[in-house]
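Geometric and topological summary
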Amino acid sequence: ARAQIGVTGLAVMGSNIARNFARNGYTVALHNRSVGKTDALLEAHGGDGDFVRTETVEEFVAALEKPRRVLIMVKAGDATDAVIEELAAVMEPGDIIIDGGNALYTDTIRREAAMAARGLNFVGAGISGGEEGALNGPAIMPGGPKESYESLGPLLESIAAQVDGTPCCTHIGPDGSGHFVKMVHNGIEYADMQLIGEAYHLFRDALGFDAKQIADVFTQWNSGDLESYLVEITAQVLEQVDAKTGKALVDVIVDAAEQKGTGRWTVKSALDLGVPVTGIAEAVFARALSGSRAQRKAAVGLASGTLADKPTDVAQFTEDIRQALYASKVVAYAQGFDQIAAGSAEYDWDLNPGDLATIWRGGCIIRARFLNRIKDAYAENPELPSLILAPYFREAIETAIDSWRRVVSTATLLGIPVPAFASSLSYYDALRAERLPAALTQGQRDFFGAHTYERVDADGKYHTLWSGDRSEVPA
Ligand code: NDP
């Protein structure tokens, strides 16, 4: 037994992570259900470092130093359960099983408890960064027992992305917390992508820019406050020319977005936790709407109204879109961090939002200059009631607010859908409102269901005798 880590599941993610471990000087045991992938990896990249080829699970486990550390990188869901079971049958108390797939956090909670009962340490680790990140440095969000992080942490930290000398990996918290924060990370990613998509739509349909012109704007934005991986790749996608037609590639791609489920999970969880993640929800629904191809086809030609006045000051509207994007992005992150706080409270995880901002600065899909500001905001005040209230973001929104309103109103007049820009602005306006119409909602609920209400000027709950003399009684 000489390998420090084993990787089972050698599709694109697993093989790149195995290579990353090997390149960092670790001896890596390799295993895949079908041995073909193991051999393909060794043939193409065996020179990356020290690998141990294994065929059976028994051989694989026997190749590992104790306490054994096995990283599972297989298809999320039943496949993960099957592989865990096979491993657990031959592993010993104190060994560590790490699930690096995109597991649903409630599955991770269940698996962790089952493994703990058998004396095994189970670590659900969210891994972000896609194929490229897996090879060159992903962001890693490991949950599970703290003790296991002592033996596992140094390995994970050495293969993670590094920003200013700090690894993009830290122990997140107990059981499912790592996969939970990875899920919310993906939800934020959905919102960020939707917002960028809406900005693109406005350039295309409100200003009449072609893909190359829009690419240039994003390239320019990437050298300012919006600097991020997603803005950078947006420019690259928009610049891409289709070899077959000579058109911009984006103009020949079918406009129906797909999804694998992590955004949907984020919204479902937010609904259960009662956290308004409106930006993320709009992003998930926008993908669903884009995918309703038959309905959309039938609806083409519906009236758009006659109020279409295109913006005349191109430079001003370009800056307006930039500001709207930034402000809406602040809202999306604020909502995501609210969900993390709510999850932490619900499951007793004691999560540290500043840690997440720190490890999301590199490696992952939502990496952005912006995350430094979030990290600073939580360092200054770990108890921030909302990210929007951090002085830096508060001022940024104050600067953006008129632009943000112009973008949403112009889009609305022109009939260009901006669900994420608009709902983020409404969220902001609702959050800062002194009086919401919820007072009326409470009155209606009391009317039809005797659900009672509180008064602004007295403690306790009250009910009006709506079907009687309409006097008020304490509830
Ligand atoms: P896939 O999700 O496509 O999974 C393929 C791997 O799973 C293969 O090694 C396959 O083995 C194995 N597998 C499937 N079913 C079983 C089973 N019943 N028993 C044993 N092994 C099985 O691979 P990816 O590399 O794309 O992703 C791996 C994990 O990482 C997934 O959970 C994914 O959600 C997650 N992830 C992916 C990212 C990405 O960018 N792709 C980013 C972050 C996380 P075989 O070769 O024998 O078929």
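Structure: above.
Residues numbered from 1 in each chain as written. Predicted model: local features only at pLDDT ≥ 70, side-chain atom pairs only at ≥ 80, totals over all residues. Heavy atoms only, no water.

All right, on to the overall build of the chain then. When you go through the chain residue by residue, the secondary structure sums to 19 helices and twelve strands. Here the chain has a C-alpha radius of gyration of 25 Å; the compact-globule value for 475 residues is 23 Å, and the two agree. Its C-alpha atoms give the chain principal-axis dimensions of roughly 80 × 70 × 45 Å. By the burial criterion, 51% of the 475 residues in the chain qualify as buried. Working note: accessible area of the chain is about 22,100 Å², and carbon and sulfur atoms make up 52% of it. The averaged location of the 63 negative side-chain charges in the chain is 5 Å from the averaged location of its 43 positive side-chain charges. (Helix = DSSP H or I, 4+ residues; strand = E, 2+ residues; numbered from the N terminus. Rg over C-alpha atoms; globule rule 2.2 N^0.38 Å. Buried < 20%, exposed > 50% of the residue type's maximum accessible area, 1.4 Å probe, protein only. Areas by Shrake-Rupley, 256 points an atom, 1.4 Å probe, with all protein chains shown as cover. Lys, Arg positive; Asp, Glu negative; His and termini not counted. Charge placed at Lys NZ, Arg CZ, Asp CG, Glu CD.)

Near the ligand there are 19 residues, and of these Met-13, Asn-32, Arg-33, Ser-34 and Lys-37 occur at the shortest range. Taking Asn-32, its side chain carries an N or O atom lying 2.7 Å from an oxygen atom of the ligand. For the ligand, whose accessible area on its own is 900 Å², the fraction buried by protein is 77%. Only helix H1 (12–23) and helix H4 (78–90) provide two or more residues apiece to the shell around the ligand. Residues belonging to the shell around the ligand are distributed by class as follows: ten nonpolar, six polar and three charged. (Near = heavy atom within 4 Å. Polar contact = N/O pair within 3.5 Å; in protein donor to acceptor, adjacent residues only side chain to side chain. Nonpolar A, V, L, I, M, F, W, Y, C, P; charged D, E, K, R; others polar.)

Attention now goes to the side chain of Thr-452. Looking at the element boundaries, Thr-452 is found in the loop between helix H19 (438–449) and strand S10 (453–455). Overall, the relative accessible area of 15% leaves Thr-452 in the buried class. Filtering out sequence-adjacent residues up to four positions away, Thr-452 remains in contact with Gln-442, Asp-446, Lys-461, Tyr-462, His-463 and Ala-475. (Contact = heavy atoms within 4.5 Å.)

Attention now goes to the packing of helix H8 (residues 177–205) against helix H18 (residues 419–432). Contact pair H8 / H18: the axes reach a minimum separation of 8 Å and the direction vectors enclose 115 degrees. Counted together, Gln-194, Leu-195, Glu-198, Ala-199 and Leu-202 of H8 and Pro-419, Ala-420 and Phe-421 of H18 form the full contact between these two elements. Tallied by class, residues from the contact of H8 with H18 come to six nonpolar, one polar and one charged. (Axes fitted to C-alpha atoms, helices over the stretch in contact; angles between N-to-C directions.)

What follows is about the state of the cysteines. Scanning the entire structure with this criterion turns up zero disulfides. The thiol of Cys-168 is not disulfide-bonded; the next cysteine sulfur, from Cys-364, is found 7.0 Å away. For the unlinked cysteine Cys-169, the closest cysteine sulfur is that of Cys-168, found at 8.9 Å. On the accessibility criterion, Cys-169 (3% relative accessible area) is buried. (Disulfide = S-S within 2.5 Å.)

We now examine helix H7 (residues 146–159). Every α-helix carries 3.6 residues per turn, so stepping three or four residues along brings you back to the same face. With 14 residues, H7 ought to run about 20 Å at 1.5 Å a step, and its terminal C-alpha atoms sit 19 Å apart, in line with that. At Leu-152, H7 is deflected by roughly 55 degrees, the largest bend along its length, and proline Pro-154 occurs up to four residues later in sequence. By the burial criterion, the buried members of H7 are Ser-148, Tyr-149, Leu-152, Gly-153, Leu-155, Leu-156 and Ile-159. Where H7 is buried, its residues contact strand S1 (5–8), H1, strand S4 (69–72), strand S5 (96–99), strand S6 (121–128) and strand S7 (139–142). (Expected span 1.5 Å × (residues − 1). Bend = angle between axes of the 7 residues up to and from the residue.)

This brings us to the sheet that holds strand S2 (residues 28–31). Strand order in the open sheet formed by seven strands is S3-S2-S1-S4-S5-S6-S7, and the pairing between neighbours is mixed. Edge positions in the sheet fall to strand S3 (51–53) and S7, since each has one partner strand and no second. Strand after strand, the sheet turns through a mean of 25 degrees between neighbouring axes, direction not considered. In the sheet, S5 pairs with S6 via four bridges, with the strands oriented parallel. When the bridges of S6 are listed, Ile-98 appears paired with Val-123. (Pairing = 2+ DSSP bridges.)

Attention now goes to the environment of Asn-352. With respect to the helices and strands, Asn-352 occurs in the loop between helix H14 (314–347) and helix H15 (353–359). Of the residues examined, Asn-352 reaches a relative accessible area of 39% and is grouped as partly exposed. Residues Asn-352 and Ala-22 lie 330 residues apart in sequence; the distance between their C-alpha atoms is 31 Å. One polar contact links the side chain of Asn-352 to the main-chain amide nitrogen of Gly-354, over a distance of 3.0 Å.

Glancing now at the pattern of salt bridges. Oppositely charged side chains are able to pair whenever their charged atoms sit close together. Here the structure, examined in full by the defined rule, presents 25 salt bridges. With its nearest N and O atoms 3.2 Å apart, the salt bridge here joins Arg-118 to Glu-85. Of this pair, Arg-118 sits in the loop between helix H5 (105–117) and S6 while Glu-85 is found in helix H4, placing the two residues 33 residues apart along the sequence. It is possible to trace a salt-bridge network through shared partners that takes in Asp-81, Asp-99, Asp-107, Arg-110 and Arg-111. (Salt bridge = Lys/Arg side-chain N within 4 Å of Asp/Glu carboxyl O.)

Our next topic: the sheet that holds S10. Read across the sheet, three strands follow the order S10-S11-S12 without closing on themselves; strand pairing throughout is antiparallel. Single-partner strands in this sheet number two, and they are S10 and strand S12 (472–474). Going from strand to strand, the sheet's axes swing by 50 degrees on average, the running direction of each strand aside. Two elements, S10 and strand S11 (residues 458–464), share three bridges in a ladder whose sense is antiparallel. Paired with Glu-454 across the two strands is Lys-461, which belongs to S11.

Another point: the side chain of Asn-222. Mapped onto the elements of the fold, Asn-222 is located in the loop between helix H9 (211–221) and helix H10 (229–239). By relative accessible area, which is 17% here, Asn-222 ends up buried.

In this section: the packing of aromatic side chains. Across all of its chains, the model carries 17 aromatic pairs by this definition. Ring centres of Tyr-333 and Phe-370 lie 4.7 Å apart, and the angle between their planes is 65 degrees; this geometry places the pair in the edge-to-face category. Placement of the pair is Tyr-333 in helix H14 and Phe-370 in helix H16 (residues 370–380), with a sequence separation of 37 residues. Residue Tyr-333 is classed as buried on the basis of its relative accessible area of 0%. (Phe/Tyr/Trp six-rings, centres within 6.5 Å; stacked < 30°, edge-to-face > 60°.)

With that out of the way, let us pick up H1. Counted at 1.5 Å a residue, the expected span for H1 with its twelve residues is 16 Å, and the 16 Å between its end C-alpha atoms agrees. Those residues of H1 not exposed but buried are Gly-14, Ser-15, Asn-16, Ile-17, Ala-18, Arg-19, Asn-20, Phe-21 and Ala-22. In the stretch just after H1, Gly-25 is the one whose phi turns positive, near 95 degrees.

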